[in-house]
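Descriptive analysis of the structure
Here is what each chain is made of, one letter per residue.
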Amino acid sequence: MKIIAATNNANKVREICEIFTPLGFDVVPQASAGIEIEVEETGDTFKKNALIKARAVAMLTDDYVIADDSGLCVEVLGGRPGVMSARYAGEGATDKEKINKLLGELDGVEDRSAKFCCCIAMIFPDGRELTAEGEVKGRILKEPRGENGFGYDPVFFSDELSKTFAEATNEEKNSVSHRGRALAAMYERMKNENK
Ligand code: IMP
């Protein structure tokens, strides 16, 4: 089954493919399907933003559409950067700049508890909409560690893996990550939907 991934983020596409391709889905990035739009994320929750992105692409295709909205929520910052994770250090900032801003805000802070959250939205060709959420707990290290992954991965120490997401292999990260969990929950919902 062909699914258009409503994102221009190559790392998200890779992780969605790693999990959904073995389940028998043909995941096609929106750009490869000729859909070149950048959607404004105006929602104040991951779910609202995932649906905004999925609906915008679903208007332009008759295929299934999948979208991801995700981010890092730091407890002592009241859940920030949250839905603003991509734009936390300004529009177009690099991952390094985002990490440096975060480490600056947490300078001298003892409680570094955090979680990654993800909402996956799926829109069927007949217009049905499904959403599924996932999260993973951990803490923010004082310095980056590891070379894999993207975004905040080098400073996110996963309680379950006992290493940062940037030190983990793709398989290890996918097995516990917010995105891996949201995609697994979505797969279950889709199976129930098609019963
Ligand atoms: P958005 O979903 O397009 O709003 O972007 C989410 C942002 O959260 C990304 O640009 C990353 O900075 C961050 N993020 C989301 N998921 C991950 C992840 O798995 N690892 C590291 N950073 C992530």
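Residues numbered from 1 in each chain as written. Predicted model: local features only at pLDDT ≥ 70, side-chain atom pairs only at ≥ 80, totals over all residues. Heavy atoms only, no water.

Observations concerning the overall build of the protein
Looking only at helices and strands, the protein features 5 helices and 7 strands. Ordering the α and β elements of the protein from the N terminus gives β-α-β-α-β-α-β-β-β-β-α-α. Here the C-alpha radius of gyration of the protein, 16 Å, is about what a compact globule of 195 residues would show, namely 16 Å. Taking the principal axes of the C-alpha coordinates as reference, the protein spans close to 50 × 30 × 25 Å. (Helix = DSSP H or I, 4+ residues; strand = E, 2+ residues; numbered from the N terminus. Rg over C-alpha atoms; globule rule 2.2 N^0.38 Å.)

So, the packing of helix α1 (residues 10–20) against helix α5 (residues 178–193)
It is at 10 Å that the axes of α1 and α5 come closest, and there the two elements cross at 50°. With respect to each other, α1 and α5 are oriented oblique. Judged by the sense of rotation from one axis to the other, the crossing of α1 with α5 is right-handed. Here Lys12, Glu15, Ile16, Ile19 and Phe20 of α1 lie close against α5, whose contacting residues are Arg179, Gly180, Leu183, Met186, Tyr187 and Met190. (Axes fitted to C-alpha atoms, helices over the stretch in contact; angles between N-to-C directions. Parallel < 35°, antiparallel > 145°, perpendicular 65-115°, else oblique. Left-handed = near helix turned anticlockwise from the far one by under 90°. Contact = heavy atoms within 4.5 Å.)

A word on the pairing of strand β2 (residues 26–29)
As judged from the 4 bridges shared by strand β1 (residues 2–5) and β2, these two strands associate in the parallel manner. Considered in β2, the bridge of Ile4 is made with Val28. Once the chain exits β1 it traverses α1 before rejoining the sheet at β2, and the crossover so formed is right-handed. (Pairing = 2+ DSSP bridges. Right-handed = clockwise from strand over helix to strand, strands pointing away.)

Some words on the packing of aromatic side chains
Going through the model one piece at a time under the given rule, you end up with 7 aromatic pairs. A centroid spacing of 4.5 Å and a plane angle of 50° characterise the contact between Phe116 and Phe156, whose relative ring orientation is tilted. Taken as a pair, Phe116 in strand β4 (residues 113–123) and Phe156 in strand β6 (residues 156–158) lie far apart in primary sequence, 40 residues in all. Here the basic side chain of Lys101 rests over the ring of Tyr88, its NZ or CZ set 4.5 Å away from the ring centre. When the ring centre of Phe157 is taken as reference, the NZ or CZ atom of Arg139 above it lies at 4.6 Å. (Phe/Tyr/Trp six-rings, centres within 6.5 Å; stacked < 30°, edge-to-face > 60°. Lys NZ or Arg CZ within 6 Å of the ring centre and 35° of its normal.)

Brief notes about the sheet that holds β2
The sheet built from 7 strands is open, its strands ordered β2-β1-β3-β4-β5-β6-β7 with mixed pairing. In this open sheet, the two strands that pair with only one neighbour each are β2 and β7 (163–164). Examined bridge by bridge, β6 and β7 share 2 bridges and lie antiparallel to one another. What sits directly across from Phe157, in β7, is Thr164. Against the sheet, α1 makes contact with β1, β2, β3 (64–74) and β4, and its axis sits at roughly 115° relative to β3, the strand it touches most.

Thoughts on the pairing of β4
With 9 of its 11 residues buried, β4 lies for the most part within the structure. Pairing of β3 with β4, which is carried by 10 bridges, proceeds in the antiparallel orientation. Paired with Val65 across the two strands is Ile123, which belongs to β4. Between β4 and strand β5 (residues 129–140), which pair antiparallel in sequence order, lie 5 residues; one of them, Gly127, sits at a positive phi of approximately 95°. (Buried < 20%, exposed > 50% of the residue type's maximum accessible area, 1.4 Å probe, protein only.)

Overview of the nonpolar core
Within the largest apolar cluster, 20 residues are counted, with the highest numbers of intra-cluster contacts made by Phe20, Ile66, Met122, Met186 and Met190. At the level of secondary structure, the elements contributing two or more residues to this core comprise β1, α1, β3, β4, β5 and α5. Counting 19 residues, the second-largest nonpolar core is a separate cluster that includes Val74, Ile99, Ala114 and Phe116. (Core = buried A, V, L, I, M, F, W, Y, C linked by side-chain atoms within 4.5 Å.)

Structural notes on the site of the ligand
Neighbouring residues of the ligand: 17 residues in total, closest Lys12, Ser70, Asp153, Lys173 and Arg179. Interatomic distance of 2.6 Å between a side-chain N/O atom of Asp153 and a nitrogen atom of the ligand. A distance of 3.1 Å separates a nitrogen atom of the ligand from a polar side-chain atom of His178. In isolation the ligand offers 490 Å² of accessible surface; the protein chains occlude 93% of this area. Those elements that provide at least two residues to the shell around the ligand are β3 and α5. With 3 residues, the top contributor of residues to the shell around the ligand is β3. By residue class, the composition of the shell around the ligand is 4 nonpolar, 5 polar and 8 charged. (Near = heavy atom within 4 Å. Polar contact = N/O pair within 3.5 Å; in protein donor to acceptor, adjacent residues only side chain to side chain. Areas by Shrake-Rupley, 256 points an atom, 1.4 Å probe, with all protein chains shown as cover. Nonpolar A, V, L, I, M, F, W, Y, C, P; charged D, E, K, R; others polar.)

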